[in-house]
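# Residue-level structural notes
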Amino acid sequence: MKQPLVEKIDFYYNEQGYMVFTEKFHLDRGYCCGNGCRHCPYDFEKVPEPKRTLLLANRKRREEDK
């Protein structure tokens, strides 16, 4: 039986009110869904090009801004 999602552990709501899944959620799921999720720990492996390259570049830019 699936466990219910826990806010601030499995997901959070961003400034626009969208539910954003955390890296923990994605690791628990075990695979990339191909939707380009912000916290994808699988380097967007199932996202088609050229979107995958753009997502990886945006992630790198965000990490450099920290």
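Throughout what follows, the structure given in this document is the object of discussion. (Residues numbered from 1 in each chain as written. Predicted model: local features only at pLDDT ≥ 70, side-chain atom pairs only at ≥ 80, totals over all residues. Heavy atoms only, no water.)

### Some remarks on the overall build of the chain
So the rule is basically this: Note on conventions: DSSP H or I runs of at least 4 residues are helices, E runs of at least 2 residues are strands, and numbering of each starts at the N terminus. Residue exposure (1.4 Å probe, protein chains only): buried if accessible area is under 20% of the type maximum, exposed if over 50%, otherwise partly exposed.
Across its full length, the chain carries 2 helices and 2 strands. Ordered by position from the N terminus, the helices and strands of the chain form the series β-β-α-α. Here the C-alpha coordinates of the chain stretch approximately 35 × 25 × 20 Å along the principal axes. Burial status across the chain gives 24% buried among its 66 residues.

### Digging into the packing of aromatic side chains
Note the following rule: Note on aromatic contacts: the rings of Phe and Tyr and the six-membered ring of Trp form a pair at centre separations within 6.5 Å, being stacked when their planes are under 30 degrees apart, edge-to-face when over 60 apart, and tilted otherwise. For a ring to carry a charge above it, either NZ of a lysine or CZ of an arginine must fall within 6 Å of the ring centroid while also lying within 35 degrees of the normal to the ring plane.
Under the criterion given, the structure shown has 2 aromatic pairs. Between Phe11 and Tyr13, the ring centres sit 5.5 Å apart and the planes meet at 85 degrees, which makes this aromatic pair edge-to-face. Between the aromatic rings of Phe21 and Phe25, the centroid separation amounts to 4.0 Å while the plane-to-plane angle is 15 degrees, which identifies the pairing as stacked. It is Arg29 that lies over the ring of Tyr31; its NZ or CZ is 5.1 Å from the centre.

### Some details on the nonpolar core
Note the following rule: To qualify as a nonpolar core, a set must consist of buried Ala, Val, Leu, Ile, Met, Phe, Trp, Tyr and Cys residues joined through side-chain atoms within 4.5 Å. In this analysis, two residues are considered to be in contact whenever any of their non-hydrogen atoms come within 4.5 Å of each other.
Cys32, Cys40, Tyr42, Phe44, Val47 and Leu55 form the largest nonpolar core, which has 6 residues in total. Residue contacts for Leu55: discarding those within four places in its chain leaves Gly36, Phe44 and Val47.

### Observations concerning unusual backbone geometry
Between Glu49 and the following residue, Pro50, the backbone shows a cis peptide bond with an omega angle of 5 degrees. Looking at the secondary structure, you find Pro50 in the loop between helix H1 (23–29) and helix H2 (51–65). With phi around 55 degrees, Phe44 is a residue other than glycine that occupies positive phi space. Its place among the elements puts Phe44 in the loop between H1 and H2. According to the relative accessible area criterion, Phe44 is buried, its value standing at 2%.

### Some details on the pattern of salt bridges
Selection rule: Should a side-chain nitrogen of Lys or Arg be within 4 Å of a carboxyl oxygen of Asp or Glu, the pair is scored as a salt bridge.
Applying the stated criterion across every chain yields a total of 3 salt bridges. Between Lys24 and Asp10 there is a salt bridge whose closest N-O contact spans 3.4 Å. Here Asp10 lies in the segment before strand E1 (11–13) and Lys24 lies in helix H1, a separation of 14 residues in the sequence. On the basis of relative accessibility, which here comes to 38%, the residue Lys24 falls in the partly exposed class. Residue classification places Asp10 among the buried residues on the basis of a relative accessible area of 8%. Residue Asp43 pairs with Arg59 through a salt bridge whose shortest N-O separation is 3.6 Å. Here Asp43, found in the loop between H1 and H2, pairs with Arg59, found in helix H2; they are 16 residues apart in sequence, far enough to count as distant. Taking relative accessible area as the criterion, Arg59 reaches 14% and is therefore assigned buried. A single salt-bridge network, built from bridges that share partners, covers Asp10, Lys24 and Asp28.

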